[in-house]
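Here are the chains, one letter per residue:
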Amino acid sequence: MRRRRKAVVVAVIRRALTCAICAIALLGFLTVHIYVAPLNRLPRLHLNNHHHTRRGGFINYEQSITEQSSTRNLSRSEPIEANFISNPKKNEIPYETLTSEHINNTHELFPPHISTSPSSSKLNMTSRIPDFDKLWKHPPNRNFVPCVNPNPNYKSPLESRGYLLVHTNGGLNQMRAGICDMVAIARIINATLVVPELDKRSFWQDTSKFSDVFDEDHFINALSKDVTVVKKLPKGIDGLTKVVKHFKSYSGLSYYQNEIASMWDEYKVIRAAKSDSRLTNNNLPQDIQKLRCRACYEALRFSHKIESMGKVLVDRMRSYGLYIALHLRFEKDMLAFSGCNHGLSASEAAELRKIRKNTAYWKVKDIDGRVQRLKGYCPLTPKEVAILLTALGYSSNTPIYIAAGEIYGGESRLATLGSRFSMLMSKEKLATKEELKPFMNHSTQMAALDYIVSVESDVFIPSYSGNMARAVEGHRRYLGHRKTISPDRKGIVRLIDKIGRGDEKDDRKVYERIVEIHKTRQGSPRRRKGPASGTKGLERHRSEESFYENPLPDCLCQRDQSKTR
């Protein structure tokens, strides 16, 4: 009897010990292998969802986007995908389910040269981020949502009167805006649009075709109810009369309906010699403005290879936590064009002057770089950006993605920025040479990768208000007014120069002034700015805020909150 009791006691103790050991092992496994996603991760939108709803034969874009936003608000733990990725691979690892085992063992997610130790990959990966509202929270969007569907009386394209050929000009974002304008112009003059030819003769000498950068079939299909688009001129068209025409900059409806449309009486093929700024920003019919937005934010999708690589870069940046995309416009072409030479050596400034002089299509040759800078017309230098980020309160371990081409002066030029912020990343650092090989020597495609990472960033900060800065800001406004800090370059330069002269100290007092002048420059909803007072003619149009920099009020409407309850 005693032996039986003793055996029972031993069995109970053995089971208890076994349970305790299992519990300890399970706890250890969870501690090492489970990645806790930030609770404050903001929802993302699937911009290029294939399941858009239709109304009256037209894609109901804003309903699709609104529904997706509402769905994501219900579940913050849902995997996040880049907006531009329409067909993510099944074997890709969702960001929120990333574990330390993936980080240590998955070459697909991290190239060999990226450090994945806890000291780097776990930085900023906590929901208890200091000053989250101040540094990362998006501005209130005041219930503005996309409203780009055409009105009920909108008709499919009428019988075409001829073909519109387009030679785009400029870099990626200048060409993007031009292409979208040409879609609207083709609608106005009732033309069949031939897929635009990308610029191959500019400073960058990029040989990319339209289909290398954009999803050509999607572009054609998405616009089928607006404009007839063909990949090339049909066979046998060579005998038709053709003309090359320089459309006037910032032209309105009457110019195209009268002067350009009347050319169909004599010609069957019109070639637009340039595409940039050929359409006015304002005072166009509502359906034309909405068409520009549908073309820009819905139809003009990047090619699959660019979207896929862009998603990889976004996922790798997200593995470090909330991140800033810094469009550091400090490349050789920008500095040569603008005449900005602050902080450069005498030989560097001379080299830039020579480039400007020898570039025939840059009209202004003699530029005083010092005057340009004091007026706020120059991009911020890496040192000036470092002071701005420090003043705004971002910590030294904040992940920063440098969206730029080759920085003039190389890594040494970034030393002052790197001394304050240790986690400077770029597509070249996030991806292997093999991964980037398909995009190398194609500046337009490389810029497209930067565009994707910038639109998807938690905060976007451009050092200069160029074409990419305006395009990304407009896209982020369209997607819900994501936080975009637009530096007051004129104000920053004045404060930094005072520090340099010893009139001010590089301390909290100066930082507070920098914070103060940027309180209203965070990307909050507002109407597009009109022309500067006192300006006339072409200068009046140039002083207006770009349509693609701020699509409000034309493409964003304030939703009645009472109807959603």
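Let us look at the structure shown here. (Residues numbered from 1 in each chain as written. Predicted model: local features only at pLDDT ≥ 70, side-chain atom pairs only at ≥ 80, totals over all residues. Heavy atoms only, no water.)

## Section: helix α20 (residues 467-478)
- The terminal C-alpha atoms of α20 lie 17 Å apart, and with 12 residues this matches the ideal 16 Å at 1.5 Å per residue to within 8%.
- In terms of burial, α20 is largely enclosed, as 10 of its 12 residues are buried.
- Within α20 the residues assigned to the buried category are M468, A469, A471, V472, E473, G474, H475, R476, R477 and Y478.
- Directly beyond the C-terminal end of α20, a positive phi value near 120° is found at G480. (Helix = DSSP H or I, 4+ residues; strand = E, 2+ residues; numbered from the N terminus. Expected span 1.5 Å × (residues − 1). Buried < 20%, exposed > 50% of the residue type's maximum accessible area, 1.4 Å probe, protein only.)

## Observations concerning a positive patch on the surface
- Taken together, the side chains of K375, K490, R494 and K498 present a region of like positive charge at the surface.
- Tracing the backbone shows K498 in helix α21 (residues 489-501). (Patch = residues over 30% accessible without salt bridge, like charges linked within 9 Å, V, L, I, M, F, W, Y side chains within 5 Å. Areas by Shrake-Rupley, 256 points an atom, 1.4 Å probe, with all protein chains shown as cover. Salt bridge = Lys/Arg side-chain N within 4 Å of Asp/Glu carboxyl O. Lys, Arg positive; Asp, Glu negative; His and termini not counted. Charge placed at Lys NZ, Arg CZ, Asp CG, Glu CD.)

## Focus on the sheet that holds strand β12 (residues 459-462)
- Spatially, 4 strands are ordered β11-β10-β9-β12 in an open sheet, and the strand pairing comes out parallel. Every other strand in the sheet has two partners, leaving β11 (424-425) and β12 as the edge strands with one partner each.
- With 3 bridges joining them, strand β9 (residues 324-327) and strand β10 (residues 400-402) adopt parallel strand pairing. Within the sheet, the bridge partner assigned to L326 lies in β10 and is I402.
- Lying over the sheet, α20 contacts β9 and β12, oriented at roughly 155° with respect to β12. (Pairing = 2+ DSSP bridges. Contact = heavy atoms within 4.5 Å. Axes fitted to C-alpha atoms, helices over the stretch in contact; angles between N-to-C directions.)

## Digging into the nonpolar core
- Among the nonpolar cores identified, the biggest contains 87 residues, and L164, F219 and F247 are the most heavily contacted of them.
- A per-element tally of this core places helix α6 (residues 172-188) first, with 10 residues.
- If we skip the residues at most four places from it in the chain, F219 touches I179, V183, L193, P196, F210, V229, A299 and L300.
- L328, L389, Y394 and L424 belong to the second largest nonpolar core, which has 45 residues in total. (Core = buried A, V, L, I, M, F, W, Y, C linked by side-chain atoms within 4.5 Å.)

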